[in-house]
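Spelled out, the chains give:
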Amino acid sequence: MPSVSVTHCQSYDPEEVRDGVRECLDHLGGVKKFASPGDRVLLKPNMLMAAPPERHVTTHPAVIEAVAELFIDTGAEVRVGDSPGGSFRNIEKFWRATGILDVAERLDIELINFEASGSYIMGGEGYPISRPVVDSDTVVNLPKLKTHSMTIFTCAVKNMYGAVPGFRKADYHREHPGPSEFAEKLLEIYLLVNPALTVVDGVVGMEGNGPSGGDPRDLGLLLASEDALALDVYIPLLLGMDPFRVPVNEAARRRNLAPDPSDIEILGFGAEVVDDFRWPSNIYYTLDLLPSGLARALMKLWWSRPAIDPERCRNCNVCVESCPADALKSGALVPEFDYSSCINCLCCMEVCPHRAFYQDKSLLYRLTSLFSGVLK
Ligand code: SF4
Ligand code: SF4
């Protein structure tokens, strides 16, 4: 029976987070269960973009620091790494903005640049997995609890996508534009990395149209498990939604890998169901349910696609460089879209440092949203 440990943590006060993380891991048997002296432990936070912790787009540095301290106390050698979109240009900018650099300096731990570390080709599909991930004795997954306009929810399993360095991540978006097929890729990469432990930063999560343009939501939760799928099933349930509407959970269920919610043992804090959590208004999941010919026909009239607010855009072109489909080109004032090439992966939206993207919606889309509301 998979276990999920839950602790209540109201703020990012370092003491409170430290106590919360320790308690969370104690329910699972304590940190020493996951590392021995001399082990190489890699912490993999969500470092989606070079945004400050107050934006709640990335794993909060207080959570990373608390987990790092516990592992350092076991005598393990702790490092931190991720491969966020656009980081090939300047990973230091991401480390600095997200507060991770400060943590590393305080604790004297190494920050790893996945883009410069090489990769191993793994699995039947030949996924490139960053060498420091594979070479570590223990991978600790540190996701942020957020909604995602394409995948509905991004947390434990999806955070392992960052184990793939560089542009290949964007290629998978292009090659597998439907949420269900893309979810298969997410699941396969997670299974290859197989982190020993996942600690979720749900102190302040993100609701609405995440993963970067949504709204912060106080949840006051730290959650941990040895089974990332148990977390990805339990958390949507706690937030009032059928967990198998999340494509990656459904992909896991198709392979008999997803735990039945009733089989998940909850340890620690008995959190109450949050029934007003705002999920993204998502078209993609519905399209997955339709025959492909009908879906394509409907897509012409019923669309939601990224657009740029010129008031916010600084024309930095980070989005242009991140587009896997060459659907964005530099423009005089703002980048210009070629929607005929766009695969709606929303990588551009994820990486924009100025929150300049919004979702433009067709009339039919808006009308159907009125009736269907947000996902439940
Ligand atoms: S939309 Fe965002 S990422 Fe793209 S050019 Fe404008 S500010 Fe930069
Ligand atoms: S324009 Fe944005 S949503 Fe469209 S393919 Fe490029 S990165 Fe993806």
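Residues numbered from 1 in each chain as written. Chains lettered and ligands numbered in written order. Predicted model: local features only at pLDDT ≥ 70, side-chain atom pairs only at ≥ 80, totals over all residues. Heavy atoms only, no water.

(A) Quick look at the pairing of strand 1 (residues 3–8). The buried count for strand 1 comes to five of six residues, which makes it a mostly enclosed element. Sheet analysis places strand 1 next to strand 12 (residues 265–268), joined by four bridges and oriented parallel. When the sheet's bridge partners are listed, Val-4 is paired in strand 12 with Ile-266. In terms of strand pairing, strand 1 meets strand 11 (residues 215–225) through four bridges, oriented antiparallel. Among the inter-strand pairings, Ser-5 is bridged to a residue of strand 11, identified as Ala-224. (Buried < 20%, exposed > 50% of the residue type's maximum accessible area, 1.4 Å probe, protein only. Helix = DSSP H or I, 4+ residues; strand = E, 2+ residues; numbered from the N terminus. Pairing = 2+ DSSP bridges.)

(B) Main features of the domain arrangement of the protein chain. Domain annotation for the protein chain reports domain 1 (3–268) and domain 2 (284–372). The C-alpha-based centres of domain 1 and domain 2 are spaced at 26 Å. (Domains from an automatic or database assignment.)

(C) Structural detail: helix 2 (residues 61–73). Here helix 2 is 13 residues long and its end C-alpha atoms lie 18 Å apart, about the 18 Å a rise of 1.5 Å per residue gives. With respect to burial, helix 2 is a largely interior element, eleven of its 13 residues being buried. The set of residues buried in helix 2 consists of Pro-61, Ala-62, Val-63, Ile-64, Glu-65, Ala-66, Val-67, Ala-68, Glu-69, Leu-70 and Phe-71. Phi turns positive, to about 90°, at Gly-75, one or two residues after helix 2. (Expected span 1.5 Å × (residues − 1).)

(D) Structural detail: the site of ligand 2. Not every one of the 14 residues close to ligand 2 is listed here, only the nearest: Cys-323, Cys-342, Cys-345, Leu-346 and Cys-348. By residue class, the composition of the shell around ligand 2 is 13 nonpolar, one polar and no charged. (Near = heavy atom within 4 Å. Nonpolar A, V, L, I, M, F, W, Y, C, P; charged D, E, K, R; others polar.)

(E) Fine view of the site of ligand 1. In the vicinity of ligand 1, 14 residues are found, and the nearest of them are Cys-313, Cys-316, Asn-317, Cys-319 and Cys-352. Grouping the amino acids of the shell around ligand 1 by side-chain chemistry returns ten nonpolar, three polar and one charged.

(F) Quick peek at the environment of Lys-329. With respect to the helices and strands, the residue Lys-329 is situated in strand 14 (residues 328–329). Distance in space between the C-alpha atoms of Lys-329 and Asn-317 is 8.4 Å, their sequence separation being twelve residues. If we ignore the near neighbours within four places in the chain, the residues touching Lys-329 are Val-320, Pro-335 and Glu-336. Among the polar contacts listed, one links the side chain of Lys-329 to the backbone oxygen of Asp-326, at a separation of 3.2 Å. (Contact = heavy atoms within 4.5 Å. Polar contact = N/O pair within 3.5 Å; in protein donor to acceptor, adjacent residues only side chain to side chain.)

(G) Broad picture of empty space enclosed by the protein. Tallied over the entire structure, the rule returns three cavities of 30 Å³ or more. Reported here for the second largest cavity is a volume of approximately 90 Å³. For the second largest cavity, the lining is made up of 14 residues, of which Cys-323, Ala-327, Cys-342, Cys-345 and Cys-348 are closest to its centre. Of the residues contributing to the lining of the second largest cavity, the split by class is 13 nonpolar, one polar and no charged. (1 Å grid on protein atoms, 1.4 Å probe; cavity = no way out; pocket = protein on both sides within 12 Å on 5 of 7 lines; lining within 4 Å. Points joined across faces, edges and corners; volume = space filled by probe spheres on them.)

(H) A look at the pattern of salt bridges. The tally for this structure, following the rule as stated, stands at 19 salt bridges. The salt bridge partner of Arg-22 is Asp-19, with a shortest N-O separation of 3.7 Å. You can see Arg-22 and its partner Asp-19 sitting in helix 1 (residues 14–27), three residues apart, about one turn around the helix. The partly exposed category is assigned to Arg-22, whose relative accessible area is 35%. With its nearest N and O atoms 2.6 Å apart, the salt bridge here joins Arg-255 to Glu-184. You can see Arg-255 sitting in the loop between helix 10 (247–254) and strand 12 and its partner Glu-184 sitting in helix 8 (residues 179–193), a full 71 residues away along the chain. Several salt bridges share partner residues, and in doing so they unite Glu-125, Glu-184, Lys-185, Glu-188, Arg-254 and Arg-255 into one network. (Salt bridge = Lys/Arg side-chain N within 4 Å of Asp/Glu carboxyl O.)

(I) The arrangement of the side chain of Glu-188 in detail. Tracing the sequence through the fold places Glu-188 in helix 8. A polar side-chain atom of Glu-188 sits 2.6 Å from a polar atom in the side chain of Arg-255. Residues within four places of Glu-188 in sequence aside, it is in contact with Glu-125, Tyr-127 and Arg-255.

(J) Focus on the nonpolar core. Counting residues in hydrophobic clusters, the biggest one holds 53 residues, and the most contacted among them are Leu-223, Tyr-234 and Ile-235. Of all the secondary-structure elements, those providing two or more residues to this core are strand 1, strand 6 (127–130), strand 9 (152–154), helix 6 (156–159), helix 8, strand 11, helix 9 (228–238) and helix 10. It is helix 9 that contributes the most residues to this core, eight residues altogether. Once residues lying within four places of it in the same chain are set aside, the contact partners of Tyr-234 are Val-4, Val-6, Leu-223, Ile-264, Ile-266 and Ala-271. Core analysis: the next-biggest nonpolar cluster, separate from the first, contains 42 residues, Ala-66, Leu-70, Phe-71 and Ala-76 among them. (Core = buried A, V, L, I, M, F, W, Y, C linked by side-chain atoms within 4.5 Å.)

(K) Focus on the packing of helix 8 against helix 10. Between helix 8 and helix 10, the least distance of the axes is 8 Å, while the angle of their chain directions is 70°. With respect to their mutual orientation, helix 8 and helix 10 come out roughly perpendicular. Contact residues: Pro-179, Ser-180, Ala-183, Glu-184, Leu-186 and Leu-187 in helix 8; Pro-247, Val-248, Ala-251, Ala-252 and Arg-254 in helix 10. Residues of the contact of helix 8 with helix 10, tallied by class, amount to eight nonpolar, one polar and two charged. (Axes fitted to C-alpha atoms, helices over the stretch in contact; angles between N-to-C directions. Parallel < 35°, antiparallel > 145°, perpendicular 65-115°, else oblique.)

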